[in-house]
Amino acid sequence: MDQEGRIRKYWHGKLSEQEGEALETEMRFDAELKQEVQSFRDLQLAIGAAERQALKEKLSALPRVQPRRRQLWPLAAAAAVLLLLGMAWLYRQSAVVAPVELFASYYEPYPNVAHPIVRQQEQAGQETLAFVAYEQGNYSEAIERLEQLLTTEDHPEWRFYLAVSLVSQGDYEAAQVQFAQLSDADFRFRSPVLWYQALLSLREEDTATARTLLLQLQQADPEFEKAAVERLLKYTSEW
Amino acid sequence: MSPTDKQLLERLRMDDKQALEEIYLAYQHDFLRVARKKGIAQEDALDIFQDVVIDFYQQVQNGASSINSSIKAYLLGMGRYKWYKRLNQQKQELPLVDERMVELDTEEPAALTQKQEQLRTGFSRLSPSCQEVLRMYYYRGLSLSDIVEQTQYSNTNTVKSHKSRCLKRLSELIKN
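For the structure given in this document, a descriptive report is provided here. (Residues numbered from 1 in each chain as written. Chains lettered and ligands numbered in written order. Predicted model: local features only at pLDDT ≥ 70, side-chain atom pairs only at ≥ 80, totals over all residues. Heavy atoms only, no water.)

Our next topic: the packing of helix α7 (residues 156-169) of chain A against helix α9 (residues 190-203) of chain A. The relative placement of two packed helices is expressed as an angle between their axes plus a distance between the axes. Residue and element names in this part refer to chain A. Two elements in contact, α7 and α9, have axes whose closest approach is 11 Å; the angle formed by their N-to-C orientations is 25 degrees. Taken as axis vectors, α7 and α9 run roughly parallel relative to one another. Crossing handedness for the pair α7 and α9: left-handed. Across from Phe160, Val164 and Val167 in α7, the residues of α9 making contact are Pro192, Val193, Tyr196 and Leu200. Per-class residue counts for the contact of α7 with α9 are seven nonpolar, no polar and no charged. (Axes fitted to C-alpha atoms, helices over the stretch in contact; angles between N-to-C directions. Helix = DSSP H or I, 4+ residues; strand = E, 2+ residues; numbered from the N terminus. Parallel < 35°, antiparallel > 145°, perpendicular 65-115°, else oblique. Left-handed = near helix turned anticlockwise from the far one by under 90°. Contact = heavy atoms within 4.5 Å. Nonpolar A, V, L, I, M, F, W, Y, C, P; charged D, E, K, R; others polar.)

Look at A:Glu225: it is not a glycine, yet its phi comes out positive at around 45 degrees. Structurally, the position occupied by A:Glu225 is in the loop between α10 (207-220) and α11 (226-237). For A:Glu225, a relative accessible area of 41% gives the class partly exposed. The residue B:Asp15 is not glycine, and still its phi comes out positive at about 65 degrees. For B:Asp15, a relative accessible area of 14% corresponds to the buried category. (Buried < 20%, exposed > 50% of the residue type's maximum accessible area, 1.4 Å probe, protein only.)

For the rest of this paragraph, the subject is the interface of chain B and chain A. Each partner contributes residues to the interface: chain B has 40 residues there, and chain A has 32 residues. For the pairing of chain B and chain A, the buried interface totals around 3400 Å² over both sides, and the portion due to carbon and sulfur atoms is 60%. Counting the surface chain B buries against chain A, the share from its top three residues, B:His29, B:Ile54 and B:Tyr138, is 18%. Our count for the contact surface shared by chain B and chain A stands at eight salt bridges. The partner of A:Glu4 in a salt bridge is B:Lys163, and the shortest N-O contact between them spans 2.8 Å. For the side of chain B that touches chain A, the element with the highest residue contribution is helix α3 (residues 42-61) of chain B, accounting for eleven residues. Split into classes, the residues belonging to the side of chain B that touches chain A amount to 19 nonpolar, nine polar and twelve charged. (Buried area = accessible area lost by both parts, 1.4 Å probe. Salt bridge = Lys/Arg side-chain N within 4 Å of Asp/Glu carboxyl O.)

Turning next to a negative patch on the surface. A cluster of acidic side chains, namely A:Asp171, A:Glu173, A:Glu204 and A:Asp206, defines a negative patch on the protein surface. Along the chain, A:Glu204 falls in the loop between α9 and α10. (Patch = residues over 30% accessible without salt bridge, like charges linked within 9 Å, V, L, I, M, F, W, Y side chains within 5 Å. Areas by Shrake-Rupley, 256 points an atom, 1.4 Å probe, with all protein chains shown as cover. Lys, Arg positive; Asp, Glu negative; His and termini not counted. Charge placed at Lys NZ, Arg CZ, Asp CG, Glu CD.)

The grouping of A:Val81, A:Leu82 and A:Leu85 at the surface amounts to a nonpolar patch, some 310 Å² of accessible area in total. By the element assignment, A:Leu85 lies in helix α4 (residues 73-106).

See the structure below:
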């Protein structure tokens, strides 16, 4: 190893402990070597200082790092998702209640178009009395008289108004039984039968049946309660 | 130590100054934030951080630094030491060393002698190629053959003769 190589390794910690001690021993007896070792060190430190100054200038010229703005969009996105989930939950919650309420919103007794009442009719028959009671909203009497009439003849229109009266009276199960007997496709009140059955199914939260009945109604009589049927079909499709 | 830190260290050892800038920019904000919590003025903190990064760079270059923790923790530790030392110099009684500084190589660069200062001035006036070859040999401690490997020099004799001419030029600059 040449002398300069030894000195370089000495100052860069690359000599073994023995080699280092040997060089230090030599320096004690060799002034020229000692001077060479010191000269190397002087230059090493001088270059280090120059390097340090250059690096300081270099780093000072770099842009100051601005504090990182907290990324708000993930929070905003999470909040939006939570909001949507919340809205969906609320919507679903409201939808759970809605079928029952829908029935109340949409149900109306069917007008008496089967047996028009002539005012001041002196000799009223049983049928007339039944429909007078019906038009007056006296459903219990209407039910009683219609049931009595049905014992004499299985008249679909009497049964229809009996079913509607039962619904109006709040006897929904009995009404369903009566509506179920009015399945003849040619029955002139077939559309309102399907409509009432659908509403009663909604009331029982049986949206699948309600939807089936509404689709049947829409196909059979597209103009019947058109807007209401479309709304309820949309509603039941979301379930 | 993370793989990223290991890569950065290796690049520093290979004298990659881009790695130095990356470290400086990557940890500056964290360093200043810690300094702010300690009530250190941001300009002082930035000055300390620059010194810390340069010390770290020079220690890695000289092979004097052995880091087991992350670069960030090492820089923060060195910064804490430098800050306490600066306060002590202002005659404030503060503990200079704590357990978090055990790993740190906190040797401060010594003040230059008159001769060393002359050399530094002369060195800065040398040509870039002279500065580079002297820097590689004396400052980084590379052998002549290492320099051939890392540069365009064709062989060690060329490096040796170029180094000799540069030393002669440096000597002339100092005499003048």
